Amino acid sequence: MTNKTISLIVEGYGEEDAFPNLMNRLLPDHFQRYDIFTNIPKNAKGRYQLTQVGGFEKYVNHCVRIDKADGILVLLDADDDCPINLAKGFYMRVKQMNIQIPVSFVCAKCEYEAWFLASIDVLIQKGYLKEGASYPIDKIEEKRGVKEWLNANMPAGRRYRETIDQLKMTQCIKFKQTLALSRSFRRLEHAIAELLHAIDSSTITITPSF
């Protein structure tokens, strides 16, 4: 089987290390795919660099022309926007580009860090959070401020630093628990499945299932 490459596009420095780690666990462990690899993500260095006119398109063109990727996966935080509407807007922009490889989108609600909250027990065990830290598991996607919550619940003298702690905490994500508690993490699973199917079938356009 010929190996394939998925190019990743992210909005910030924390995801630059953390997201490929997550993908490179999900692909073999969850999807049993050992023929699909990811490369170093294109870091947009800010959400606006993707949402502004021409910004997102620049990164996609790089993945197509320079990376020679077989597919593209874009990740950004929804923040205060509706993740579904935000993703739909990007899909419309992809159609206008008329590129020849599939592109899929994931918008974490409201922040990437919300995916950590389903695995608090592991974060405590690893010493990344203080003993007794807790969060309403049925509300992990209801509001912003997870970074601030992490700050307040780390061991004494520690502060949450995206470029260091995001990767460490990503390594603690338990897939089954997070899929059960996070709709946007389930969307990540679906987006990867859609992208894999498109790559396998040589389909250019993805019709996303939100």
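Residues numbered from 1 in each chain as written. Predicted model: local features only at pLDDT ≥ 70, side-chain atom pairs only at ≥ 80, totals over all residues. Heavy atoms only, no water.

## Some thoughts on the nonpolar core
Threshold: Buried residues of nine kinds, namely Ala, Val, Leu, Ile, Met, Phe, Trp, Tyr and Cys, make up a nonpolar core once their side-chain atoms join them within 4.5 Å. Burial classification: accessible surface area is computed with a 1.4 Å probe over protein chains only, and a residue below 20% of its type maximum counts as buried, one above 50% as exposed, and the rest as partly exposed. Strands are runs of DSSP state E lasting at least 2 residues, helices are runs of H or I lasting at least 4, and numbering of each runs from the N terminus.
Ranked by size, the top nonpolar core spans 71 residues in total, and within it Phe-19, Leu-22, Leu-73, Trp-115, Leu-129 and Leu-188 carry the most contacts. If you tally residues by element for this core, the top one is helix α9 (residues 183-201), at 8 residues.

## Some details on helix α1 (residues 13-30)
Convention followed: Here, expected helix span is obtained from the residue count minus one, scaled by 1.5 Å. It only takes one pair of heavy atoms within 4.5 Å for two residues to be counted as in contact.
Its 18 residues place the ends of α1 25 Å apart at the C-alpha level, agreeing with the 26 Å of an ideal helix rising 1.5 Å per residue. Along α1, the positions that sit buried rather than exposed are Gly-14, Glu-15, Ala-18, Phe-19, Pro-20, Asn-21, Leu-22, Met-23, Leu-26, Leu-27 and Pro-28. Its buried side turned inward, α1 meets β1 (4-10), β2 (36-38), β4 (71-77), α7 (162-170), α8 (175-181) and α9.

## Comments concerning the pairing of β4
Test applied: In short, DSSP must find at least two bridges between two strands for them to pair. For crossovers, right-handed means that the path from the first strand over the helix to the second runs clockwise, given strands pointing away from the viewer.
Among the 7 residues that make up β4, 7 are buried, leaving the element largely enclosed by the rest of the structure. Of the two faces of β4, the one carrying Gly-71, Leu-73, Leu-75 and Asp-77 and the one carrying Ile-72, Val-74 and Leu-76 are both buried. Where β1 meets β4, 4 bridges bridge the pair, whose relative direction is parallel. Bridge pairing links Ser-7 to Ile-72 in β4. Strand direction decides the pairing type here: β4 and strand β5 (residues 103-108), joined by 6 bridges, are parallel. Bridge pairing in β5 places Leu-76 opposite Cys-107. Once the chain exits β4 it traverses helix α4 (residues 83-97) before rejoining the sheet at β5, and the crossover so formed is right-handed.

## Quick word on the pairing of β1
For β1, a buried count of 5 out of 7 residues is recorded, marking the element as mostly surrounded by other parts of the structure. Of the pairings in the sheet, the one linking β1 to β2 comprises 3 bridges and is parallel in character. Residue Ile-6 lies in a different strand from β2, and its bridge partner there is Thr-38. Here 2 bridges tie β1 to strand β3 (residues 42-43), and the two strands are oriented parallel to one another. Bridge assignment links Ile-9 to a residue of β3, and that residue is Lys-42.

## Things to note about the state of the cysteines
Just so we agree on the cut-off: Disulfides are defined as cysteine sulfur pairs within 2.5 Å.
Counted by the stated rule, this structure contains 0 disulfides. This cysteine, Cys-82, is not joined by any disulfide, and Cys-107 carries the nearest cysteine sulfur, 8.8 Å off. Residue class for Cys-82 comes out partly exposed when judged on its relative accessible area of 37%.

## Observations concerning the environment of Ser-7
Counted only if it meets this: Here a polar contact means two N or O atoms within 3.5 Å. Within protein one must be a hydrogen donor candidate and the other an acceptor candidate, and residues neighboring in sequence count only if both atoms are side-chain atoms.
Of note, Ser-7 is situated in strand β1. Note: C-alpha distance between Ser-7 and Ala-114 (107 residues apart in sequence) is 23 Å. Side-chain polar atoms of Ser-7 contact the side chain of Asp-67, separated by 2.8 Å.

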